[in-house]
Amino acid sequence: MREALWARLRDWRYALPGWVGRHAPGPDAAAAERLCRRAQLAGMMVTPGYFHGPQDTPDSMAAAHCAMAARLAGCAGAYLSVKGPAMGHDPAMLVQVAQAAARAGLSVLLDAHGPGQADATIAALPVLAEHVGDAGLALPARWPRSLRDAAALRDTPARLRIVMGEWPDPDCDTPGEAAYLAL
């Protein structure tokens, strides 16, 4: 019952940006820049990203990330959050985003992937790393495979962001603080 509720809430969460986007204009790269710079003045680190809508293609998403990167040039410590699965892990699009991030002095982090997309997300890291000095990915603590992934990536230059994890692993799910602390 509880998992079904969380699944429904997650579905609503992903439907909400599309609904809002149809009724109110979303922030553009300039608005993201203002928010990021304001947060940094308050001493906060920023992780801007583009939350895609149903009308988006890998090309439009890459363009949105590149525009954001250009606007955020010089934001020390910021990294660009990229939804690799939503871009189909398209190497050409990832290279385009990585090059824009590199020109802006930003790091890139791949996030928002489900268990079935983890291998493709990890495989995209070398593509990013070749074009931007600092690349990484989010590792969900609730997936047992993340312990192996972290061990495999430990001695690489990849930045690892440890998250609780939104999507359960259908084979073996271990949500909670203990899994997070173990990872």
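A brief look at the structure comes next. (Residues numbered from 1 in each chain as written. Predicted model: local features only at pLDDT ≥ 70, side-chain atom pairs only at ≥ 80, totals over all residues. Heavy atoms only, no water.)

### With respect to the overall build of the protein chain
- When you go through the protein chain residue by residue, the secondary structure sums to 7 helices and 4 strands.
- Relative to the 2.2 N^0.38 estimate, which gives 16 Å for 183 residues, the radius of gyration of the protein chain is 17 Å and therefore close to what a compact globule would have.
- Each principal axis of the C-alpha distribution contributes one length, and for the protein chain these read about 45 × 40 × 35 Å.
- The 183 residues of the protein chain split such that 40% are buried. (Helix = DSSP H or I, 4+ residues; strand = E, 2+ residues; numbered from the N terminus. Rg over C-alpha atoms; globule rule 2.2 N^0.38 Å. Buried < 20%, exposed > 50% of the residue type's maximum accessible area, 1.4 Å probe, protein only.)

### Quick notes on the environment of G136
- Tracing the backbone through its elements, the reader meets G136 in strand β3 (residues 135-140).
- Taking the C-alpha atoms as reference points, G136 and L110, separated by 26 residues in sequence, lie 6.2 Å from one another.

### Here we look at the sheet that holds strand β4 (residues 159-163)
- Ordered in space as β1-β2-β3-β4, the 4 strands form an open sheet in which the pairing is parallel. Among the strands making up the open sheet, the edge pair consists of β1 (79-82) and β4. Averaged over all adjacent pairs, the angle separating strand axes in this sheet is 25 degrees, with direction ignored.
- Two elements, β3 and β4, share 5 bridges in a ladder whose sense is parallel. Within β4, the residue paired with G136 across the bridge is R159. (Pairing = 2+ DSSP bridges. Axes fitted to C-alpha atoms, helices over the stretch in contact; angles between N-to-C directions.)

### Structural notes on helix α6 (residues 145-153)
- Buried within α6 we find R145, S146, D149, A150 and L153. The buried residues of α6 occupy one face: seen down the axis, they fall within an arc of 135 degrees. In α6, the exposed residues that point more than 90 degrees away from the buried face are R148 and A152. (Arc of directions from axis to C-beta.)

### Remarks on a nonpolar patch on the surface
- Together, L5, W6, L9 and W12 give the surface a local cluster of nonpolar side chains, amounting to about 450 Å² of exposed area.
- In this fold, W6 is placed in helix α1 (residues 2-23).
- A relative accessible area of 46% means that W6 is categorised as partly exposed. (Patch = residues over 30% accessible without salt bridge, like charges linked within 9 Å, V, L, I, M, F, W, Y side chains within 5 Å. Areas by Shrake-Rupley, 256 points an atom, 1.4 Å probe, with all protein chains shown as cover. Salt bridge = Lys/Arg side-chain N within 4 Å of Asp/Glu carboxyl O.)

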